Amino acid sequence: MDELERYFDDSIANDSGFMLEEGLGLQSPAHSIQDSSYLSVKAQSSTELGEELDLSFLPDELSTQTDTAKAAETQAAAPDVSQDSGICLDYNSQDSTAAVDPQQGGSLQSSASPFCPMTPMTPMTPVTPVTERSGIIPQLQNIVSTVNLGCPLDLKFIALQARNAEYNPKRFAAVIMRIREPRTTALIFSSGKMVCTGAKSEEQSRLAARKYARVVQKLGFPARFLDFKIQNMVASCDVCFPIRLEGMVLTHQQLSSYEPELFPGLIYRMVKPRIVLLIFVSGKVVLTGAKERAEIYEAFENIYPILRGFRKQ
Amino acid sequence: MCRILMVHREIEQLSQTYYNKAYQHESFLKVSLQKKEVLAGCCVLVSCRLLNWPITMATILCLINADPTLVGEVYQEMISALKIEAPIVLITDVIETHIQEYKISSLHLPEEFAENSKDLTRCAVALVELAADSWIVTGRKPVPIIMAAVYLAWQSLRPTKQRLKTSLEKFCQIAKVNKYRPAVKRIAEIKEALCKLGKEIPWVREAVTPDNVVQHVEDILQHRYALLRRAMRTHQDALQEGRKAGFDNSLTEETDSVQSSELVEQTPNSSSVKQCEPNEEGAPQPRDGDNNPCTVSELHSGPHERNDVELNWGKRVLFAPPCVIRAKRRRVEQPELQDVTGDEEISDSEIDSYIRTPQEARDFALTQKMFEKS
């Protein structure tokens, strides 16, 4: 019945096989160095900042990899994976090597898990070797997901029987339902399809959607939980330095749109991953359009050197 | 429209071409007449931009008298439909054409208030450049900034009591232009920036405040790069003092390298951009070239510093975007839900709390009927 669980199991199975097949070499150790260092950053920052950091997307195989990592860590040749890997953010434990080999970085990234964003891609700016990652983690602000409850619903009845529902058919053809924990809102349609918004993580979104489904069930409908899917993820972060938007739109004209008369931020449509970033003069960045957390991290790691390098001009 | 704007033949032709293309395009086939008019305006706008004719959207808005949101919408739709990449308009280019709007020449006004447009333009352009360097322009609508600059330029070219007393409202009345509300804020911001520089003028004894800064504007603008350097140095020194006293313990590696390396730069715009950020690295710094105070603090003073550093970076630099200096306190989201797996048990009682009791439901239905009847 719970499609989502099957989906997750499948993908973990596939990708763990993939990772192990890569063999040791330089790939897995580098991968896990970053993971372990990332974990250390997270652990550190989560206690200090009280931010909500969700480790649940990291693969379970991490522990096995760290053993191989320890052996390989002593290898001086462990390259610094370029900015294309999104999650791995802490560069404390790695010396910033002077020259990053983009080719090598590119090949390293073929060992992809759904959670570690090492997608094979050519670096965006092959001329400038970026030796460090940003150290900034974008925070998820909103997740939009959809699920199919699998049965037609009587919206009038739901609006009548549920405390947390509002229904105004003249304005909108769905019941708007809210729950307190996780603080979310759902749009429930008479077809049985439901949209859940407002959660701050994928798991929260799923939990919230399940709660809504339970409410509908309790009201007497044979509700199920089919095809749960995250449709959109929104995250934000702050690079803590001001950004010359007018300059940026000159150098990145094909991908940027900056119209101060219409909107104060610069709209950057990244191609890979397909994410839209809103960049503001204050240094705050909003990332949206992702279906997976990894895409957000990757997009930010892609834009950060642009913002930084551009700032020095 | 092109005739009114008195643009080149080419612009007229280009806009005609675009309009024809857009008219046929699927997204614009069945739109209202009003939208089609707006579309025409957008075509003119885009053609002007492509052929380097400085014009703001506000001008088009005035011409076609339409709702700004609608124009924005249509404009975005049109450029994506026709796949046009139009360069942005530099605000300084637009100033001259805007000043034509202001009826302040000696033909229109008495000697006291009149000003020739050449001087006015020169002064206003300098003010806008200063504003741009101080982060007042980026992200903001250009027209209120231009208005503020023209107003201040007009005041400073002949800072008589009469002129200084004239409010922006009155000025707009005299010049026969529509006042823009944000211009008042821009005036304050520009004055603030001017004060920061005015403080550094060696021959001014009294304190430079927003009230008396207008008299010094000419001097400030004339020597603004030198004043900027001095202001940066003073600011750096002040920061050093503060750090020595131990108040600010976040950045221990900031050096004076800025002064030595950056002052050599002669190109005004780039130097002022660089000098605007005392954290800028030119000379090698102990850090690895990353000026991000966040990472520095992570490396040295622990991540718990990060929040403070983030919140205060706007206060530590001499010039920062106003939205950073006056950052609103965001309500801190409580991290109530850590480590949610999504698979937790959902308690019955929680779900029941969302469902009405039978009595409640009856009452609700009754009240609804009553409301419908009344």
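Cut-offs applied
Residues numbered from 1 in each chain as written. Chains lettered and ligands numbered in written order. Predicted model: local features only at pLDDT ≥ 70, side-chain atom pairs only at ≥ 80, totals over all residues. Heavy atoms only, no water. Axes fitted to C-alpha atoms, helices over the stretch in contact; angles between N-to-C directions. Helix = DSSP H or I, 4+ residues; strand = E, 2+ residues; numbered from the N terminus. Parallel < 35°, antiparallel > 145°, perpendicular 65-115°, else oblique. Contact = heavy atoms within 4.5 Å. Nonpolar A, V, L, I, M, F, W, Y, C, P; charged D, E, K, R; others polar. 1 Å grid on protein atoms, 1.4 Å probe; cavity = no way out; pocket = protein on both sides within 12 Å on 5 of 7 lines; lining within 4 Å. Points joined across faces, edges and corners; volume = space filled by probe spheres on them. Core = buried A, V, L, I, M, F, W, Y, C linked by side-chain atoms within 4.5 Å. Buried < 20%, exposed > 50% of the residue type's maximum accessible area, 1.4 Å probe, protein only. Polar contact = N/O pair within 3.5 Å; in protein donor to acceptor, adjacent residues only side chain to side chain. Phe/Tyr/Trp six-rings, centres within 6.5 Å; stacked < 30°, edge-to-face > 60°. Lys NZ or Arg CZ within 6 Å of the ring centre and 35° of its normal. Domains from an automatic or database assignment. Pairing = 2+ DSSP bridges. Salt bridge = Lys/Arg side-chain N within 4 Å of Asp/Glu carboxyl O. pLDDT = per-residue confidence, 0-100.

Please clarify how the packing of helix α7 (residues 117–133) of chain B against helix α12 (residues 213–222) of chain B should be interpreted in this entry.
Helix packing geometry: the angle between the two helix axes and the distance between the axes. Residues and elements named next belong to chain B. Running from amino to carboxyl end, α7 crosses α12 at an angle of 70 degrees, the nearest separation of the two axes being 10 Å. By the angle between their directions, the pair α7 and α12 is classed as roughly perpendicular. Across from Arg122, Cys123, Ala126, Leu127 and Leu130 in α7, the residues of α12 making contact are Val217, Glu218 and Leu221. Looking at the contact of α7 with α12 residue by residue, the class counts come to six nonpolar, no polar and two charged.

Would you mind going over empty space enclosed by the protein with me for this structure?
Unoccupied space between atoms shows up once a probe the size of one water molecule is rolled over them. Residue and element names in this part refer to chain B. Applying the stated criterion across every chain, the model contains eight cavities of 30 Å³ or more. What the largest cavity holds in volume is close to 120 Å³. Contributing to the lining of the largest cavity are Ser134, Ile136, Glu189, Glu192, Ala193, Lys196, Phe319, Ala320, Pro322, Ile325 and Arg326. Of all the elements in the fold, those that place two or more residues in the lining of the largest cavity are α11 (182–198) and α18 (322–325). At four residues, the largest contribution of residues to the lining of the largest cavity is made by α11. By residue class, the composition of the lining of the largest cavity is six nonpolar, one polar and four charged.

Looking at this structure, how should I read the nonpolar core?
Soluble globular proteins tend to pack their nonpolar side chains together in the buried interior. Membership of the largest hydrophobic core comes to 125 residues, with the highest contact counts inside it found for A:Ile279, A:Leu287 and A:Ile303. With 11 residues, the single largest contributor to this core is helix α8 (residues 142–157) of chain B. Residues contacting A:Ile279, with those up to four places away along its chain left out, are A:Ile243, A:Leu245, A:Met248, A:Gly265, A:Leu266, A:Tyr268, A:Lys284, A:Val285, A:Ile303 and A:Leu307. Counting residues in each nonpolar core, the second largest holds 31 residues, with B:Ile11, B:Cys43, B:Ile64 and B:Ile84 among its members.

Explain the side chain of B:Arg140 here, please?
Among the secondary structure elements, B:Arg140 is positioned in the loop between α7 and α8. From its side chain, B:Arg140 meets the backbone oxygen of B:Ile136 in a polar contact 2.8 Å long. Leaving out residues up to four positions away in the same chain, B:Arg140 has contacts with A:Pro260, B:Ile145, B:Arg186, B:Glu189 and B:Pro322.

Can you walk me through the packing of aromatic side chains in this structure?
What characterises a pair of aromatic rings is the spacing of the ring centres plus the angle enclosed by the ring planes. Within this structure, the stated rule accounts for 10 aromatic pairs over all chains. Both rings, one in A:Phe157 and one in A:Phe221, keep their centres 6.0 Å apart while their planes meet at 75 degrees; by these two values the pair is edge-to-face. Linking A:Phe157 in helix α5 (residues 155–161) with A:Phe221 in the loop between α6 (202–218) and β6 (226–238), this pair joins segments that are 64 residues apart in sequence. Overall, A:Phe157 belongs to the partly exposed group, its relative accessible area being 32%. Residues A:Phe263 and A:Phe280 carry aromatic rings whose centres are separated by 5.7 Å and whose planes lie at 65 degrees to one another, so their mutual orientation is edge-to-face. Of this pair, A:Phe263 sits in the loop between β7 (256–258) and β8 (266–270) while A:Phe280 sits in the loop between β9 (275–279) and β10 (284–290); the two residues are 17 residues apart in sequence, bridging distant segments of the chain. Among the residues examined, A:Phe263 registers a relative accessible area of 31% and is labelled partly exposed. Members of the aromatic cluster, each reached through a chain of ring pairs, are B:Tyr102, B:Phe113, B:Tyr151, B:Trp154 and B:Phe171. Cation over ring: B:Arg356 sits above B:Phe364, and NZ or CZ is 4.0 Å from the ring centre.

So what exactly am I meant to see when it comes to the layout of surface pockets here?
Residue and element names in this part refer to chain B. Counted as a void, the second largest pocket has a volume near 1,000 Å³. If you trace the second largest pocket, you find 32 residues lining it, with Thr56, Ala58, Thr59, Cys62 and His98 closest to the centre. Put simply, the parts of the chain that give the lining of the second largest pocket at least two residues each are α1 (2–5), α4 (57–64), α5 (68–81), α6 (91–101) and α8. By residue number, the principal contributor to the lining of the second largest pocket is α4, which donates six residues. Its residues placed into classes, the lining of the second largest pocket shows 21 nonpolar, seven polar and four charged. Composition of the lining of the second largest pocket by domain shows at least three residues from each of domain 1 (2–89) and domain 2 (93–226).

Even after reading the chapter, I still don't get the sheet that holds β10(A), so can you show me in this structure?
One key point about sheets: their strands pair by backbone hydrogen bonds, in either a parallel or an antiparallel sense. Residues and elements named next belong to chain A. Ordered by their spatial adjacency, 10 strands build an open sheet running β2-β3-β4-β5-β1-β6-β10-β9-β8-β7, and the pairing between neighbours is antiparallel. Edge positions in the sheet fall to β2 (165–167) and β7, since each of these pairs with one other strand and no more. Taking each pair of neighbouring strands and ignoring which way they run, the sheet shows an average axis angle of 15 degrees. Summarising the sheet, β6 and β10 pair through six bridges and their orientation is antiparallel. The partner of Met233 across the bridge, within β10, is Ala290. Against the sheet, α6 engages β1 (139–148), β3 (174–179), β4 (184–189), β5 (193–199) and β6, with an angle of about 135 degrees to β5.

Honestly, the environment of B:Met1 in this entry has me stumped. Any pointers?
All names here are of chain B. Of note, Met1 is situated in the segment before α1. Exposure remark for Met1: the relative accessible area of 32% places this residue in the partly exposed category. The residues touching Met1, leaving out its near neighbours within four places in the chain, are Glu37, Ala40, Gly41, Val44, Leu63 and Ile64.

Help me understand the pattern of salt bridges in this model?
Tallying each qualifying case throughout the model produces 18 salt bridges over all chains. Put simply, B:Glu77 and B:Lys35 hold a salt bridge, and the shortest N to O gap is 4.0 Å. Here B:Glu77 is found in helix α5, whereas its partner B:Lys35 is found in helix α3 (residues 33–50), with 42 residues between them in sequence. Exposure remark for B:Glu77: the relative accessible area of 26% places this residue in the partly exposed category. Residues participating in the shared-partner salt-bridge network are A:Arg214, A:Lys218, B:Asp348 and B:Asp352.

Is there a simple way to explain the pairing of β10(A) in this structure?
All names here are of chain A. Note: β9 against β10, four bridges, orientation antiparallel. Bridged to Leu278 within β10 is Val286. If you look at the hairpin formed by β9 and β10, you'll find four residues sitting between the two strands, and Gly283 has a positive phi there, around 100 degrees.

Got a minute to help me understand unusual backbone geometry in this structure?
Negative phi is the rule for most residues except glycine; trans is the rule for most peptide bonds. The step from A:Glu181 to A:Pro182 runs through a cis peptide bond, and the omega angle for that step is 0 degrees. Relative to the elements of secondary structure, A:Pro182 occurs in the loop between β3 and β4. In the segment running from A:Lys272 into A:Pro273, the intervening peptide bond is cis, with an omega of 0 degrees. Relative to the helices and strands, A:Pro273 resides in the loop between β8 and β9. Unusually for a residue other than glycine, B:Asn65 sits at a positive phi of about 55 degrees. Mapped onto the fold, B:Asn65 is located in the loop between α4 and α5.

Can you walk me through the confidence of the model for chain B in this structure?
Detailed reading of the predicted coordinates is not advisable wherever pLDDT falls low. All names here are of chain B. Summing up the model confidence of chain B, the mean pLDDT is 76 and the portion of residues at 70 or higher is 79%. For residues 250–306, every residue scores under 50 in pLDDT, and the model assigns this stretch 134 contacts once sequence neighbours within four places are set aside. If you check the scores for this complex, the pTM reads 0.69 and the ipTM reads 0.77.

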